[in-house]
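# Observations on the model geometry
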Amino acid sequence: MSAEYGGRTGRQGKLSQWLRGRRPKEAAADDTGREALLLAAAAAGLPLAPAAHPAPGYRCSCDRVGCPTPARHPVSFAWQTQSTTDRAQIERWARHQPQANFITATGMVHDVLDVPLEAGHEALARLLADGIEVGPVAETGDGRMLFFTLTRGTPEDEDEWWPCELDCHPETMDEHPGLRWHCRGSYVLVPPSRLPGDGLDVHWVRGPEHALPDPLTLLETLTDACARHVAQDTDHPSGAWPLRR
C-alpha cells in the first residue's frame, strides 16, 4: 500500500515525502490546512465527495486514457449519493487520500453560478458596492469564478425548472463565454483543489462562512457582466478578454 493511502510509515514514509519534494513538517501543515478548509465547507452545508487530482505531465490521476477533464471530476460514479457533510467521513477521506481534490454536489443545498473570471470580478465589485449580500465565492486557476447560492430546489411543476444538462454539464470541455448554472446533477471543485499546471488551483475569494444568498439576487448583475465580457471579446478577439474554460 502506498503512502498516499496511509499504509507506509518510518523510513519508507519519509522517503516518499522526500520524493514528493515535501519535508514531513511541511506536509503535515499542508494537510492540516486542507482538512480545515474542507471541514469548514462541510459545516456550511456543502456536501463533499473525493475527486481526481493532477498527475505528472498535465495528466489526471484517474485511469482514463485522455481524460477530458483532468483533476476536475469525482473518483466515484456514485458521487451524488456519496456526497456528504459528515465530519468523520470527510476526515477519513482527507487523511486516506491526501492528494485528492474534492467536489461539492450542487442542487441539494446549494447551486453555483459559474462565470468567466473577468466578468466575475466586475460583478462581485458591483454587488458589494450596491450592498447586496454575496455568499461564498471561489476562483479557479483556469479562468472561472464560482458564486455559491441557495438552491432553487425542485418546483411543484417540473415544467418550471430544468435539469442541469440543459444549462451546463460538468464534464464538457466546450467553450462557454457566459454563465453556467450548476444545479441538479452537477458539481464543482471546492477549495482547496489543485489543477494541472504550475500553481493552478481553486481557492476562496469569500469563504464558506458567508451565508448562501438567493441566486436571483445575483443573477441580473452576473448576466450583465457576462454580456459585457462577450461583447468585449467580440470587439477584441485577441485582446484582454479571451474565452477560457
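So, here's what we can say about the structure. Quick caveat: nothing in here was measured; it's all calculated off a predicted structure.

Let us look at helix α4 (residues 87-96). If you check which residues of α4 are buried, you get Ile-90, Glu-91, Trp-93 and Ala-94. The arc that holds the buried residues of α4, viewed along the axis, is 165°, so those residues lie on one side.

With 28 residues, the main nonpolar core has Leu-48, Phe-148 and Val-190 as its most contacted residues. Residue assignment for this core shows that the elements contributing at least two residues are α2 (24-43), β1 (48-51), α4, β4 (101-105), β7 (144-150), β9 (187-190) and β11 (201-206). Residues Ala-119, Leu-124, Leu-127 and Cys-183 belong to the second largest nonpolar core, which totals 18 residues.

The strand order across the open sheet built from 6 strands is β8-β5-β7-β6-β11-β10, with neighbouring strands paired in antiparallel fashion. Single-partner strands in this sheet number two, and they are β8 (180-182) and β10 (193-194). Relative to β7, strand β5 (residues 110-116) is paired through 7 bridges, and the arrangement is antiparallel. Looking at β7, one finds that Asp-114 is bridged to Leu-146.

About the cut-offs
Residues numbered from 1 in each chain as written. Predicted model: local features only at pLDDT ≥ 70, side-chain atom pairs only at ≥ 80, totals over all residues. Heavy atoms only, no water. Buried < 20%, exposed > 50% of the residue type's maximum accessible area, 1.4 Å probe, protein only. Helix = DSSP H or I, 4+ residues; strand = E, 2+ residues; numbered from the N terminus. Arc of directions from axis to C-beta. Core = buried A, V, L, I, M, F, W, Y, C linked by side-chain atoms within 4.5 Å. Pairing = 2+ DSSP bridges.

Treat this as a map of the structure, not an account of what it does.
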